[in-house]
Amino acid sequence: MAMELLNKPTRWRLIQSQADSGPWNMAVDESIFEASTRGDVLPTLRLYAWDPACLSLGHAQPVTDVDEARLQANGWDLVRRPTGGRAILHTDELTYSVTGPQDEPILAGEIMSSYRRLSSAILAAVEQIGVGVQALPQDKTNNATPEPVCFEIPSSYEITYNNKKLVGSAQARRKGGVLQHGTLPLVGDLARITQVLAFPDETSRTLAAERLLKRATTVQSALGKTISWQQAAEAFIQAFSEVLNLDLVPGQLTDDEISRAGQLLQEKYANPEWTRRL
C-alpha cells in the first residue's frame, strides 16, 4: 500500500492555449505563476503559440539590441519576458511554460536540479517526435561577449541535435514560486531574427545569420519533414506524464487568472515603458 501511494502520479493542470499575442502570452504565464505559487491552482503545464510573430527580450536585455524600425516593417510584436536570456523570435513553434511553488518536488531544490528534471521530460518529448537529441551540462569557460540571440549558445541541459540548439528554456524564481518556459522551433528560417536586431552594418547582420544557422536548428531541419503543433503538443503531454509521473488534468484559466492577466497586460507586457525600461 505504501508503495502504491509512493508511485501515485502527482496532479498538475494542463492548459492548451490558442495562439495569441506575445504580451498576452507573457501576462498569462505570470498570472498562472502567481496563482500556482499561492496554491490557488495546481502546478501547471501550459502549451501555446504566438500570433502575430513576436520578438521577446530577456528580462534584463537592453532594448537597444532591437532595430525597432525593421521590427515594425515586418509587422512583428515586441515583448519583454519575465525570465532571463536573450532575444527570441517566436513564430512557427511550440512554447511551453511550467509554473508552481518551489516546494513542488519536481521544481524543488537548486535551479539546475529542477531544470534538469524538466529537461528530462522535454528530451523525451522531442525523442518521441523522432529527433535524436541530447541534454548535457555546458562548458562555462567561454568568456565571449554575449550575443543578442538566445539560440546562439545552449545553456546547461538545454536540448541539442547534432550540437545545434533545438529547445531554448529559461527559469525565474521569486516569492516562493517557479516559472520556466521555453520554445521548440518547428519549421522556418531561424535566421529571420537577425532581420530585426541592431547591427553596426549589413555585413555583421549576414555573419550573425550564418553563425546562428550553424548553432541552432528546427524540428523540420532535423527530421526532414514537418511536425504539426498538435503533434508536438501531444508528445510533450505524454512525456511529461510518463517521465515526471504526472496526472495532467485538462483545464482552463480561472476567472481570477484571466483578470490578473489583464492587469499585467496593461501594467507591464503591453506597456512601452516596461518593454523599453532598459
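All chains use their own residue numbering, which begins from 1 and follows the written sequence. Totals for whole chains, interfaces and linings use every residue, but because this is a predicted model, local features are given only for residues with pLDDT of at least 70 and side-chain atom pairs only at 80 or more, for both listing and counting. Side-chain figures throughout are based on the complete set of non-hydrogen atoms in the structure, without hydrogens or water.

Enquirer: It is not clear to me how the overall build of the chain should be interpreted in this structure. Could you clarify?
Expert: When helices and strands are counted, the chain shows 9 helices and 11 strands. When burial is assessed residue by residue, the chain has 52% of its 278 residues classed as buried. In what follows, a contact means two residues having at least one pair of non-hydrogen atoms within 4.5 Å. Here the analysis covers contacts within the chain between residues at least 6 apart in sequence; of these, 76% occur between residues at least 24 apart. Each accessible area is a Shrake-Rupley estimate made with a 1.4 Å probe; only the visible protein chains count as cover when residues are assessed. For the chain, the computed accessible surface area is about 12600 Å², with 50% contributed by carbon and sulfur atoms. Here a helix means four or more residues in a row that DSSP labels H or I, a strand means two or more in a row labelled E, and each is numbered from the N terminus. Summary of the burial criterion: residues with accessible area below 20% of their type's maximum are buried, those above 50% are exposed, and those between are partly exposed, where the area comes from a 1.4 Å probe applied to protein chains only.

Enquirer: Sorry, what's going on with the confidence of the model for the chain here?
Expert: Caution is warranted with low-pLDDT regions, since their predicted coordinates should not be read in detail. Note on scores: pLDDT gives the predictor's confidence for each residue, bounded by 0 and 100. Averaged over every residue, the pLDDT of the chain is 88; residues scoring 70 or more account for 88%. For the stretch residues 1-6, pLDDT sits under 50, and the model shows 0 contacts to residues farther than four places along the chain or on other chains. Here residues 149-156 is modelled with pLDDT under 50, and outside its nearest four sequence neighbours on either side it reaches 39 contacts, counting other chains as well.

Enquirer: Looking at this structure, how should I read helix H2 (residues 22-38)?
Expert: Given 3.6 residues to a turn, an α-helix orients residues that are three or four positions apart in the same direction. With 17 residues, H2 should reach 24 Å at 1.5 Å per residue; the first-to-last C-alpha distance of 25 Å fits that figure. One or two positions beyond H2, positive phi appears at Gly 39, with a value near 90°. A helix is expected to span 1.5 Å multiplied by its residue count minus one.

Enquirer: What is the right way to read the nonpolar core from this model?
Expert: Buried together is how nonpolar side chains tend to be arranged in soluble globular proteins. Ranked by internal contacts, the top residues of the largest apolar core, which has 35 residues, are Leu 45, Leu 47, Leu 184, Phe 236 and Phe 240. Among the elements that take part in this core, helix H7 (residues 229-243) stands out by supplying 7 residues, more than any other. Residues within four places of Leu 45 in sequence aside, it is in contact with Trp 12, Arg 13, Leu 14, Ile 15, Tyr 96, Ser 97, Val 98, Phe 240 and Leu 248. The next biggest cluster of nonpolar side chains, apart from the first, holds 18 residues, and it includes Leu 55, Leu 78, Phe 199 and Ala 216. Remark: nonpolar core denotes a set of buried residues (Ala, Val, Leu, Ile, Met, Phe, Trp, Tyr, Cys) joined through side-chain atoms within 4.5 Å.

Enquirer: It is not clear to me how unusual backbone geometry should be interpreted in this structure. Could you clarify?
Expert: Among all residues save glycine, negative phi is the norm, and among peptide bonds the norm is trans. Of note, the bond from Asp 51 into Pro 52 is cis; its omega dihedral lies within 30 degrees of zero at 5°. On the secondary structure map, Pro 52 appears in the loop between strand S2 (44-48) and strand S3 (54-57). Its identity as a non-glycine residue notwithstanding, Asn 163 has a phi of 65°, on the positive side. A positive phi angle, close to 50°, is found at Lys 175, a residue other than glycine.

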